[in-house]
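The residues making up each chain are set out below.
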Amino acid sequence: MARKTKTESAQTRARILDAAETEMLERGVTQTSLERIARRADVTRGAIYWHFADKTALLEAMVQRTAMPLRDLRQCLGQHIPGNEPMRLMRGMLLHGISRLANDEQHRRVCHIVFHRCEMTERGHATGNLLSAMFEDSREVLVSLCGEITTVCALREPLTAEDAADVLIAFMVGLYECSLRHPGLYSIEHGMEAKVDAVLDGLFHQPQGNA
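Treat the numbers as computed from the prediction; the structure is a model and nothing was measured. Along each chain, the written sequence defines residue order, and numbers are assigned to residues from 1. Local features are withheld for residues below a pLDDT of 70 in this predicted model, meaning they are given only at 70 or higher, and side-chain atom pairs are given and counted only at 80 or more; totals for whole chains, interfaces and linings count all residues. Side-chain numbers here rest on the full set of heavy atoms in the structure, without hydrogens or water.

Caption draft 1: Molecular detail of the overall build of the protein. Here a strand is any run of E in DSSP of at least two residues, a helix any run of H or I of at least four, and the numbering for each starts at the N terminus. On a plain count of helices and strands, the protein comes out with ten helices and zero strands. Counted from the first residue to the last, the protein has its helices and strands arranged as α-α-α-α-α-α-α-α-α-α. Summarising its shape, the C-alpha atoms of the protein cover approximately 65 × 40 × 30 Å along the three principal directions. We call two residues contacting when some pair of their heavy atoms lies within 4.5 Å. For the protein, the proportion of contacts with a sequence separation of at least 24, taken over those separated by at least 6, is 73%. Put simply, the protein shows about 12000 Å² of open surface, and 53% of that area lies on carbon and sulfur atoms. Computed with the Shrake-Rupley method and a 1.4 Å probe, the accessible areas treat only the protein chains shown as cover for residues.

Caption draft 2: Examining the nonpolar core more closely. If you look at the biggest cluster of nonpolar residues, it comprises 37 residues, and the most contacted ones within it are M90, C146, L168, L200 and F204. Those elements that provide at least two residues to this core are α5 (70-78), α6 (86-103), α8 (128-149), α9 (161-181) and α10 (192-203). Examining the composition of this core, we find that ten residues originate from one element, α9, more than from any other. C146 has contacts with M90, A161, A164, A165, L168 and F204, leaving out every residue within four places of it along the chain. Within this scheme, the nonpolar core is defined by two criteria: the residues are buried Ala, Val, Leu, Ile, Met, Phe, Trp, Tyr or Cys, and they are joined through side-chain atoms within 4.5 Å. Exposure classes here rest on a 1.4 Å probe applied to the protein chains alone. A residue is buried below 20% of its type maximum, exposed above 50%, and partly exposed in between.

Caption draft 3: A look at unusual backbone geometry. Cis rather than trans, the peptide bond between E157 and P158 has omega equal to 0°. With a phi close to 60°, D42 is a non-glycine residue in the positive phi region. Here D42 lies in the loop between α2 (34-41) and α3 (45-51). Note on D42: relative accessible area 67%, which makes it exposed.

Caption draft 4: Expanded view of the side chain of S179. Here S179 is to be found in helix α9. If near-sequence neighbours (up to four positions away) are discounted, S179 is found in contact with L101, R108, Y186 and I188.

Caption draft 5: Structural context of the side chain of T66. On the secondary structure map, T66 appears in helix α4 (residues 55-66). In this structure, T66 is in contact with R100, Q106, H107 and V110, ignoring residues within four places of it in sequence.

Caption draft 6: Here's a closer look at the environment of M134. Among the structural elements, M134 can be located in helix α8. Residues within four places of M134 in sequence aside, it is in contact with V63 and A67.

Caption draft 7: Quick peek at the pattern of salt bridges. Here a salt bridge means any side-chain nitrogen of Lys or Arg lying within 4 Å of a carboxyl oxygen belonging to Asp or Glu. Enumeration according to the criterion identifies 17 salt bridges in this entry. Across the pair R65 and E21 runs a salt bridge whose closest N-O atoms are separated by 2.8 Å. With R65 in helix α4 and E21 in helix α1 (residues 2-27), the pair connects residues that are 44 residues apart, well separated along the chain. Residue R65 is classed as partly exposed on the basis of its relative accessible area, which comes to 29%.

Caption draft 8: Region of the structure containing α6. In a helix, the anticipated span is given by 1.5 Å times the number of residues less one. Taking 1.5 Å as the rise per residue, α6 with 18 residues should run 26 Å; its terminal C-alpha atoms sit 26 Å apart, in good agreement. All of the buried residues along α6 are P86, M87, L89, M90, M93, L94, L95, G97, I98 and L101.

Caption draft 9: Looking closely at the confidence of the model for the protein. The score called pLDDT rates the predictor's confidence residue by residue, from a low of 0 to a high of 100. Here the protein averages 90 in pLDDT, while 92% of its residues score no lower than 70. Per-element averaging of pLDDT across the protein places α1 at the bottom with 88 and α10 at the top with 97.

Following this line, the structure appears as structure tokens:
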């Protein structure tokens, strides 16, 4: 019985998050009320408060549900890529991020909410602390991997590993912004391998004989 209750609780939590995604996508975070989320999820407000302290906690849970930390992605892809091929690993990580945005509808919805439907208030961005922590961790992973790449591919002077990581972050954020804001005009998957290769070639001198 306890196992069933735990399962039902998890299902209710997921239903609340699904309802919150829909409401926040339609109305924006500020204009979305817990009452509307409760009605859409067919639960009481008390059920929402059982799982989430407030709307900010609910929004953060939405982000965490779809986010795949770059550190975890690196570890996952790295299991299939030799340690002496950091450039191949970086390329795979970038292509994975692009492909996921193009094909994972839930990921797109949550990213759109965070990018365009999460209004600033007098207390700042609702997910500011969470996003800052995720950004810092992602940048740390990219700086480390860029440093590993320099052992086989020299950076174009006078760039540093930190500079290269910042360029890659700007590239990916720009792709996300264009794809989410102008989905009818901008196809994120169009030429994605060529775009990623162009950016990496602009940062690193490729060894002779490598594609």
